[in-house]
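For reference, the chains in residue letters:
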Amino acid sequence: MAYKFIDNYREKGARKKLVEHLKGRGIEDQRVLDAIGKVPRHFFFDETFWNQAYRDIAFPIGDGQTISQPYTVAYQSELLHVKKGDKVLEIGTGSGYQTCILLELGAEVYTIERQENLYNRTIQVLPYMGYHAHFFLGDGSKGIEEHAPYDKIIVTAGAPYVPEIMLKQLKMGGIFVIPVGDEKSQKMMTIIRVGENEFDRIELDTFRFVPLVGDQAW
């Protein structure tokens, strides 16, 4: 497949403005801001819609899915406190934009997507861009047990509850970030594993994600 990706001064300038906007919205982690400033978000859009790429909005990418709002990506990434070399499980590859941010932060990323069309595109586009993750096609609501445990887990779709099967895939001291609620709005939650069967849970701000679909979800 042939791709025509152009990243010139106009797009780089737009990313710089987006970073300043995110700072203004309260994103403080400089490593996250630097990652947002590096990843060319317009590469995940049809060329017709490149003018939408650096607005702070979610945008449809097909198959009933969206590329997440930059603020949401930055917010979740900041909550994860990714350290270089962290083994991170991402539930919902989608466009692959969040995957690239995690890779820029130095994570080793295991990412799973249930929509075959999105999966097929991502496994071609991300390596073309120079980003390399472990890609999986399947039901992300069950995590990826065969590669557990993980330092961090991030869910990029709204879940009706926290799947217990995923909690068991988190390392001791690991961080799990997941939006939980109904299909219209969810509360972002940070969960930290502090014991074999003990977890600290922190409920944060309200967001709206596409639903997490699967055996352990909607």
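Refer to the structure above for everything that follows.
So, a few notes on the structure that sits alongside this text. Keep in mind the model is a prediction, meaning the values are calculated, not measured. (Residues numbered from 1 in each chain as written. Predicted model: local features only at pLDDT ≥ 70, side-chain atom pairs only at ≥ 80, totals over all residues. Heavy atoms only, no water.)

Thoughts on the layout of surface pockets
Here is step 1: Here the largest pocket defines a volume of roughly 510 Å³.
Here is step 2: Surrounding the largest pocket, 33 residues form its lining, Gln 65, Thr 66, Thr 156, Ala 157 and Val 210 being those nearest its centre.
Here is step 3: Elements that contribute at least two residues to the lining of the largest pocket include exactly β2 (65–67), α3 (70–80), β3 (87–91), α4 (97–104) and β4 (108–113).
Here is step 4: Of the residues in the lining of the largest pocket, the class split is 14 nonpolar, 15 polar and four charged.
Here is step 5: In this model, the second largest pocket occupies a volume close to 400 Å³.
Here is step 6: Together, 20 residues line the second largest pocket, and Phe 43, Phe 44, Phe 45, Asp 46 and Arg 121 are the ones closest to its centre. (1 Å grid on protein atoms, 1.4 Å probe; cavity = no way out; pocket = protein on both sides within 12 Å on 5 of 7 lines; lining within 4 Å. Points joined across faces, edges and corners; volume = space filled by probe spheres on them. Helix = DSSP H or I, 4+ residues; strand = E, 2+ residues; numbered from the N terminus. Nonpolar A, V, L, I, M, F, W, Y, C, P; charged D, E, K, R; others polar.)

Quick notes on the pairing of strand β8 (residues 186–195)
Here is step 1: Counting buried positions along β8 yields seven of 10 residues, so the element is predominantly enclosed.
Here is step 2: Counted between consecutive antiparallel strands, the loop separating strand β7 (residues 170–181) from β8 contains four residues.
Here is step 3: As defined by bridge partners, β8 adjoins strand β9 (residues 198–207) across eight bridges and the pair is classed as antiparallel. Bridge assignment links Arg 193 to a residue of β9, and that residue is Phe 199.
Here is step 4: Taken together, β8 and the strand that follows it, β9, pair antiparallel across an intervening segment of two residues. (Buried < 20%, exposed > 50% of the residue type's maximum accessible area, 1.4 Å probe, protein only. Pairing = 2+ DSSP bridges.)

Notes on helix α5 (residues 116–129)
Here is step 1: Taking 1.5 Å per residue, 14 residues should reach 20 Å; α5 reaches 20 Å between its end C-alpha atoms and fits that length.
Here is step 2: The largest bend in α5 amounts to roughly 25° and is located at Thr 122.
Here is step 3: All of the buried residues along α5 are Leu 118, Tyr 119, Thr 122, Val 125, Leu 126 and Met 129.
Here is step 4: Looking at the packing, one finds that the buried side of α5 touches β1 (59–62), β2, α4, β4 and β5 (134–137).
Here is step 5: A positive backbone phi angle near 95° is found at Gly 130, which sits one or two residues after α5. (Expected span 1.5 Å × (residues − 1). Bend = angle between axes of the 7 residues up to and from the residue. Contact = heavy atoms within 4.5 Å.)

Details of the pattern of salt bridges
Here is step 1: Scanning all chains against the criterion turns up eight salt bridges.
Here is step 2: One salt bridge connects Glu 20 with Lys 23, and the closest N-O pair in it is separated by 3.4 Å. Pair noted here: Glu 20 and Lys 23 are both in helix α1 (residues 9–24), with a separation of three residues, about one helical turn.
Here is step 3: Taking relative accessible area as the criterion, Lys 23 reaches 38% and is therefore assigned partly exposed.
Here is step 4: Asp 56 serves as the salt-bridge partner of Arg 25, at 3.0 Å between the closest nitrogen and oxygen. Remark: Asp 56 occurs in the loop between α2 (30–38) and β1 and Arg 25 occurs in the loop between α1 and α2; sequence separation between them is 31 residues.
Here is step 5: The exposure class assigned to Arg 25 is partly exposed, which follows from its relative accessible area of 39%.
Here is step 6: Asp 56 sits in the buried class, given a relative accessible area of 15%. (Salt bridge = Lys/Arg side-chain N within 4 Å of Asp/Glu carboxyl O.)

Let's talk about the packing of α3 against α4
Here is step 1: Put simply, α3 and α4 touch, their axes get as near as 11 Å, and they point 40° apart. Read as a crossing pair, α3 and α4 show a hand that is right-handed. Only Tyr 97, Gln 98, Ile 101 and Leu 102 of α4 make contact with α3, whose side of the interface consists of Val 73, Gln 76, Ser 77 and Leu 80.
Here is step 2: For the contact of α3 with α4, the residue count by class is five nonpolar, three polar and no charged. (Axes fitted to C-alpha atoms, helices over the stretch in contact; angles between N-to-C directions. Left-handed = near helix turned anticlockwise from the far one by under 90°.)

Quick word on the environment of Lys 12
Here is step 1: Tracing the sequence through the fold places Lys 12 in helix α1.
Here is step 2: What makes Lys 12 partly exposed here is its relative accessible area of 47%.
Here is step 3: The spatial distance from the C-alpha of Lys 12 to the C-alpha of Ala 148 is 37 Å, given a sequence separation of 136 residues.

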